[in-house]
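Now for the letters of each chain:
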Amino acid sequence: MGLSTLNNVRVAGIASCVPKRVLSNIEDCPPSQRAERERLVRNIGIEHRRICQEWQCFSDLALVATERLLDELKWGRHEIDALVVITQSPDYLIPSTAIILQDRLGLEQTTIAYDVNLGCSAYPFGLHLLGSMIASGAIKKALMLVGDKCATVRDPLFSDAGTATALEFAEGAPPMHFDLNSDGSGYKAIILPVGGHREPFAYHHGIPRRDEHGDLHWPADLILDGVAVLNFSIQRVPTAVERTLAYAGVQMSDVDYFVFHQANRMINETIRKKLRLPEQRVPSTLKEYGNTSGASIPVTISAKLRQPLQNGKRKLLLGGFGIGLSWGTCIVEIERACIQEVIEA
Amino acid sequence: MPTLDAFLENFLVAVDFQEAVEVKAETKLADLPEWDSLAALGVIVMFDIEYGKTITGDDLSSCVTVEDIYKLLGL
């Protein structure tokens, strides 16, 4: 499998919502660590991040984005056949957040609704999942809600966002080409080791240890192997991009914009340089929105490509990659779509 | 293979140290105050972009001096 094509599927619109609360990676850092932090920021390219209020979940952001999108598209709630939420920060471990949102959004009980557990690679996989349902003729209109609540004050990388993408059946819509891959041998590269069924949360997981800088770390914290993730990203993504272009019969120069998951500047710049792409065709939102996990592709589209996608037709290559390990590439043409500015909530 | 001098120049750019520091072939990595995981990532990227060579974290862990990293180019 890996490579595939879907026909008659149209991206009707995209809306992205971020929390109002802004964190500065420089200003909010203790003065004693300022010099080290400035070097880090220079390399990861992330100056500001968004973080949810304590009461706020990813789904609250996605709800705002979806309501705005449905209003702007003038789609009735009764028209939505499927609602798929792709997140790794659901409201509860069970039940699915998508089912809760079916009710909160006022969608019909006949709506297909469930969650998919993917992170940074979510967007191309989600387009393929819902696109397949639409291309088969089984459904006509669908919503894909992607994002995560992954920001913490301490970590300088991650940022919160919730997004909504509207897809519909449209006879004759340009084909979407996909290259989707998974490598479970690298599952430890990014992992929350505690809280699942392999290692349920226990009392001792709540006891932190102090590192040489005096910072506290909990056994239940996210583990991220920076070297493994860097090597995975800069080796696999450029190859996948070239493979997808060859499969689709599309030249590099035919693609108007390459929108990659916003991992960090070091990774994204290396991918861009390896593909010999000019900066103007590779929009980035790392500086202002950080790494918003699976939401970073739609957030970047909302923030940087609103005008060209609303007013004309553009060919995009979308590349998601990360936790799993999982990486997917998609070539899609978007024409006169309803793209909303980034919303704050 | 590039000259050692050219490599050292690229190395200093890649590690992006805040404080200027003199680096020679025999300089021990452990003696560089800012040799850390970020510097290691920079070196991995440099190997890929400048020299078209993939190195791993284990490759770097086995290096004691800057020259040991330079020698990875010849492997």
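Residues numbered from 1 in each chain as written. Chains lettered and ligands numbered in written order. Predicted model: local features only at pLDDT ≥ 70, side-chain atom pairs only at ≥ 80, totals over all residues.

Visitor: Where do I start with the packing of helix α5 (residues 226-248) of chain A against helix α2 (residues 37-51) of chain B in this structure?
Guide: The description of two helices packed together rests on the angle between their axes and the distance between the axes. Direction vectors running N to C along α5 of chain A and α2 of chain B enclose 20°, while the axes themselves pass 10 Å from each other. Taken together, the axes of α5 of chain A and α2 of chain B are roughly parallel relative to one another. The interaxial crossing formed by α5 of chain A with α2 of chain B has right-handed handedness. Across from G226, V227, L230, N231 and I234 of chain A in α5 of chain A, the residues of α2 of chain B making contact are S37, A40, L41, I44 and D48 of chain B. Here the contact of α5 of chain A with α2 of chain B is composed, by residue class, of six nonpolar, three polar and one charged. (Axes fitted to C-alpha atoms, helices over the stretch in contact; angles between N-to-C directions. Helix = DSSP H or I, 4+ residues; strand = E, 2+ residues; numbered from the N terminus. Parallel < 35°, antiparallel > 145°, perpendicular 65-115°, else oblique. Left-handed = near helix turned anticlockwise from the far one by under 90°. Contact = placed C-beta atoms within 7 Å. Nonpolar A, V, L, I, M, F, W, Y, C, P; charged D, E, K, R; others polar.)

Visitor: In this structure, what is going on with the interface of chain A and chain B? I would like to understand it.
Guide: Accessible area lost on assembly of the parts is the figure often given for the size of an interface. Across the boundary between the two partners, chain A contributes 14 residues, which contact 13 residues of chain B. Considering each element in turn, the side of chain A that touches chain B owes the most residues, six residues, to α5 of chain A.

Visitor: Would you explain the pairing of strand β8 (residues 161-169) of chain A in this entry?
Guide: On a regular strand, each side chain points to the face opposite its neighbour's, so the side chains alternate between the two faces of the sheet. Residue and element names in this part refer to chain A. In terms of burial, β8 is a largely internal element, nine of the nine residues being buried. Burial along β8 is two-sided: the face carrying A161, T163, T165, L167 and F169 and the face carrying G162, A164, A166 and E168 are both buried. Note: strand β2 (residues 9-18) against β8, eight bridges, orientation antiparallel. Paired with S16 across the bridge in β8 is T163. With eight bridges joining them, strand β7 (residues 141-148) and β8 adopt antiparallel strand pairing. In the strand pairing of β8, G147 is matched with G162. (Buried ≥ 20, exposed ≤ 12 C-beta atoms within 10 Å, placed from the backbone. Pairing = 2+ DSSP bridges.)

Visitor: Looking at this model, I keep getting lost on the pairing of strand β16 (residues 326-335) of chain A. Mind explaining?
Guide: All names here are of chain A. With eight of ten residues buried, β16 lies mostly within the body of the structure. Bridging between strand β9 (residues 176-182) and β16 involves six bridges; their strand directions are antiparallel. Following the sheet pairing, N181 is matched in β16 by W327. When strand β15 (residues 313-322) meets β16, the two strands line up antiparallel, connected through ten bridges. Within β16, the position partnered with G319 by the bridge is T329.

Visitor: Looking at this model, I keep getting lost on the environment of V15 of chain B. Mind explaining?
Guide: All names here are of chain B. Considering the arrangement of structural elements, one finds V15 in helix α1 (residues 4-15). Owing to 23 C-beta atoms within 10 Å, V15 belongs among the buried residues under this scheme. Not counting the four nearest positions on each side in its chain, V15 is found in contact with E34, A39, G42 and V43.

Visitor: What should I look at first to understand unusual backbone geometry in this one?
Guide: What you tend to see is this: most non-glycine residues have negative phi, and most peptide bonds are trans. Residue and element names in this part refer to chain A. The amide bond that connects I94 to the next residue, P95, takes the cis arrangement and shows omega of 0°. Within the fold, P95 resides in the loop between β5 (82-86) and α3 (97-104). Phi angles above zero are rare outside glycine, and N8 is one such case at about 65°. Along the chain, N8 falls in the loop between β1 (3-6) and β2. Of note in the backbone geometry, R276 takes a positive phi value of approximately 55° without being a glycine. Along the chain, R276 turns up in the loop between α6 (265-274) and α7 (286-289). Residue R276 is classed as exposed on the basis of its 8 C-beta neighbours within 10 Å.

Visitor: Explain the environment of S233 of chain A to me, please; I cannot follow it from the model alone.
Guide: Looking at the secondary structure, you find S233 of chain A in helix α5. It is 21 Å that separates the C-alpha atoms of S233 of chain A and Y247 of chain A, two residues lying 14 residues apart in sequence.

Visitor: Mind showing me how you'd approach the sheet that holds β16 of chain A here?
Guide: In a beta sheet, neighbouring strands pair by backbone hydrogen bonds and run either parallel or antiparallel. All names here are of chain A. Strand order in the open sheet made by the five strands is β1-β9-β16-β15-β14, with mixed pairing throughout. This sheet does not close on itself; its edge strands, each paired only once, are β1 and β14 (257-260). In this sheet, neighbouring strand axes are inclined to one another by 20° on average, regardless of whether the strands run parallel or antiparallel. Sheet topology places β1 next to β9; four bridges connect them, and they run antiparallel. The residue of β9 that forms the bridge with L3 is D179.

Take it as geometry only, folks, not as evidence of what the structure does.
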